[in-house]
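Per-entry structural report
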Amino acid sequence: MGEPESETETTESSRPGRGLAIASLAIGASGLTLAVATWAAWLIVRPPVVAAWAYSWVAQAFVLVLGALWFALLPISVLALVFGVHAGARTRPGPSRIGATLGVVTALLALAGAAVFATTSWRTVGPPVAYFDTQTGQAR
């Protein structure tokens, strides 16, 4: 009746859940993998490739998808960072700190990709959103 609570109960209730650390690690790792894969695809299908006539519509759609992926990675990286910090990334090493770090790296890659997508010089075709070839001319 008057017994004090055990010490294990108080440390467990004051310690954030290990599940958040695991979630941060999983989200951070998958986000980083997607960011690196998006950059690799961007380097393969650069804007000059979009100018190729045979694949212009396919390449433009692909470039738009890559741009959308970079913008979609931003909230994913923030989620990994928030979960990691809430799980205790600042106070102790472990999965939460690794997940938060992966979230920051993913955010940097996604921001760089979004900036490159928004500011790329599209020499012959114009921006991917606004280019539609309406001129009739010789067959290429």
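Preceding this section is the structure that the text describes.
These remarks concern the structure in this document.

On to the overall build of the chain, then. Scanning the chain from N- to C-terminus turns up five helices and zero strands. Along the chain, helices (α) and strands (β) appear in the sequence α-α-α-α-α when read from the amino end. For the chain, the residues scored as buried account for 31% of the 140 residues in total. When the accessible surface of the chain is summed, it comes to about 9100 Å², and 68% of that surface belongs to carbon and sulfur atoms.

Before going further, it helps to spend a moment on the packing of aromatic side chains. On inspection of all chains with the given rule, the structure shows three aromatic pairs. An aromatic cluster of at least three residues, connected via ring pairs, comprises W39, W42, W70 and F117.

Nonpolar side chains collect at one region of the surface, where L81, V85, V104 and L108 lie side by side and expose about 300 Å² of accessible area between them. At the level of secondary structure, the elements contributing two or more residues to the nonpolar patch comprise helix 4 (56–86) and helix 5 (95–119). Positionally, V85 belongs in helix 4.

Here helix 2 (residues 18–44) is 27 residues long and its end C-alpha atoms lie 39 Å apart, about the 39 Å a rise of 1.5 Å per residue gives. Taken residue by residue, helix 2 has A21, S24, G28, G31, A35, T38, W39, A41 and W42 as its buried positions.

Look at helix 2 against helix 5: their axes get within 7 Å of each other, and the N-to-C directions meet at 30°. Compared by their axis directions, helix 2 and helix 5 come out roughly parallel. Of the two elements, helix 2 crosses helix 5, and the hand of that crossing is left-handed. Tallied by class, the residues present in the contact of helix 2 with helix 5 amount to 17 nonpolar, eight polar and one charged.

Mapped onto the secondary structure, S77 falls in helix 4. Within the local environment of S77, its side chain forms a polar contact with the backbone oxygen of L74, the two atoms lying 2.7 Å apart. Those residues in contact with S77 that lie beyond four places of it in its chain are G103, T106 and A107.

This part takes up the environment of V82. Its place among the elements puts V82 in helix 4. Between the alpha carbons of V82 and A100 there is a distance of 7.4 Å; along the sequence they are 18 residues apart.

Parameters at a glance
Residues numbered from 1 in each chain as written. Predicted model: local features only at pLDDT ≥ 70, side-chain atom pairs only at ≥ 80, totals over all residues. Heavy atoms only, no water. Helix = DSSP H or I, 4+ residues; strand = E, 2+ residues; numbered from the N terminus. Buried < 20%, exposed > 50% of the residue type's maximum accessible area, 1.4 Å probe, protein only. Areas by Shrake-Rupley, 256 points an atom, 1.4 Å probe, with all protein chains shown as cover. Phe/Tyr/Trp six-rings, centres within 6.5 Å; stacked < 30°, edge-to-face > 60°. Patch = residues over 30% accessible without salt bridge, like charges linked within 9 Å, V, L, I, M, F, W, Y side chains within 5 Å. Salt bridge = Lys/Arg side-chain N within 4 Å of Asp/Glu carboxyl O. Expected span 1.5 Å × (residues − 1). Axes fitted to C-alpha atoms, helices over the stretch in contact; angles between N-to-C directions. Parallel < 35°, antiparallel > 145°, perpendicular 65-115°, else oblique. Left-handed = near helix turned anticlockwise from the far one by under 90°. Nonpolar A, V, L, I, M, F, W, Y, C, P; charged D, E, K, R; others polar. Polar contact = N/O pair within 3.5 Å; in protein donor to acceptor, adjacent residues only side chain to side chain. Contact = heavy atoms within 4.5 Å.

Bear in mind that shape data such as this cannot, by itself, settle questions of function.
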